[in-house]
Amino acid sequence: MSLQLLYLLQLLLLTLASPSSSSSSSSVAPFFKAKAGCDAKCGNISIPYPFGIIKPNGDECSIDGVGSGYRITCNTSFQPPKLFIDRGNVEIREISETEIRIKNTLATLCYNKLGNITLDLGLASIDVSPTPFTLSNTKNMFYGIGCKTYASLDGPDLQNYSSVCSSSCQSRESVVSGSCFGNGCCQSTIPKGLKRFRVSLLARQPENISDISSFNPCSYAFIGEQDLYTFNASDILDGNVFSSRGKDVPIVLDWAIGNKNCEEAQKNLTNFACQANTYCTNSNNNLGYRCTCNDGYLGNPYLSPGCQGM
């Protein structure tokens, strides 16, 4: 069977096996595979090289080992097993050819009808600064959810970057699904190059708080993939149930090799990641580079001997 026919067959099988409502717009190509002798999956998540699971015997399955961000952990104590960046607590939900989707974290404040705080998780953060990954500024959005809600986003790695948004609503009837421009939901873009962030909520002022606590007991702040979140009135009208729904909205990270652009990286061909029959492109935020098979070639552009002709 020719390589071209094999590719078309695998592409057809991949399409038939994929659910119609995919969690993302991109997926790992059929030939974008793991390193030989290394685990290709953790649970139901595919692991393409340059990523690789840490092996007990010390063999390296990722592109450059410890501290690179590409060395990942499969925790089999969960059912199904869960994947994490290195040995940290940032959970990976999906790896594609250019992006990683990770589990979300929400800041949450809930109140009783008297305005007293009953749940105080008003601060949440994620840090991927030891890795070459950055939050996608084109796929993610910062959200504040709730009435009389004041949400803040801080990015200490970008010269103490900060952003705020606020939302309010006067009655249950005034909360309208679909809109996120200050009436129960507010949103703000995030900057390019963000590697660590903190989202927080300012506690509601006690004055006249009882008029909203009866129908909106909680406020939330989070970063999430904007194509996978649309504000619904039930997000603030159904008590604390949004906590679980919000965590299902992933955060998108852009990944690239190292922190040099193509021109700089190719000066040291010994460490240059792009293999034969590939070309190099700079990442969107100019931090690192990516490798892609030339037209008419297939394979994993990071794995020797490189991409092969169709």
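You'll find the structure just up there.
Keep in mind that what you see is a predicted model, and the values were worked out from it rather than measured. (Residues numbered from 1 in each chain as written. Predicted model: local features only at pLDDT ≥ 70, side-chain atom pairs only at ≥ 80, totals over all residues. Heavy atoms only, no water.)

Caption draft 1: Spatial organisation of the pattern of salt bridges. The final tally for this structure, using the stated rule, is 8 salt bridges. As a salt-bridge pair, Arg71 and Glu60 come within 3.8 Å of each other at their nearest N and O atoms. Of this pair, Arg71 sits in strand E4 (residues 71–75) while Glu60 sits in the loop between strand E3 (52–53) and E4, placing them 11 residues apart in sequence. Its relative accessible area of 33% is what places Glu60 among the partly exposed residues. Ionic pairing is found between Glu225 and Arg101, a salt bridge with its closest N-O pair at 3.0 Å. (Salt bridge = Lys/Arg side-chain N within 4 Å of Asp/Glu carboxyl O. Helix = DSSP H or I, 4+ residues; strand = E, 2+ residues; numbered from the N terminus. Buried < 20%, exposed > 50% of the residue type's maximum accessible area, 1.4 Å probe, protein only.)

Caption draft 2: Structural context of unusual backbone geometry. A cis amide bond, omega 25°, links Tyr49 with the succeeding residue Pro50. One can find Pro50 in the loop between strand E2 (45–46) and E3. That bond from Gln79 to Pro80 is cis: its omega, 0°, falls within 30 degrees of zero. Here Pro80 lies in the loop between E4 and strand E5 (82–85). Positive phi outside glycine occurs at Lys148, with the angle close to 50°. Tracing the sequence through the fold places Lys148 in the loop between strand E12 (140–145) and strand E13 (149–155).

Caption draft 3: Just the sheet that holds strand E9 (residues 117–121), in detail. Taken in spatial order, the 5 strands make up an open sheet running E9-E8-E17-E12-E15, and their pairing is antiparallel. At either end of the open sheet lies a strand with only one pairing partner, and these are E9 and strand E15 (185–188). Between one strand axis and the next, the sheet turns through 15° on average, direction left out of account. The sheet contact formed by strand E8 (residues 107–111) and strand E17 (residues 218–225) spans 4 bridges and is antiparallel. Considered in E17, the bridge of Ala107 is made with Ala221. (Pairing = 2+ DSSP bridges. Axes fitted to C-alpha atoms, helices over the stretch in contact; angles between N-to-C directions.)

Caption draft 4: The arrangement of the pairing of E5 in detail. Where E4 meets E5, 4 bridges bridge the pair, whose relative direction is antiparallel. Residue pairing for E5: Thr73 is matched across the bridge by Phe84. The hairpin formed by E4 and E5 contains 6 residues between the paired strands. In this structure, E5 lies alongside strand E6 (residues 91–95), joined through 2 bridges in antiparallel fashion. Bridge pairing links Phe84 to Glu91 in E6. Where E5 folds back on E6, the antiparallel hairpin that results is connected by 5 residues, among which Asp86 adopts a positive phi of roughly 50°.

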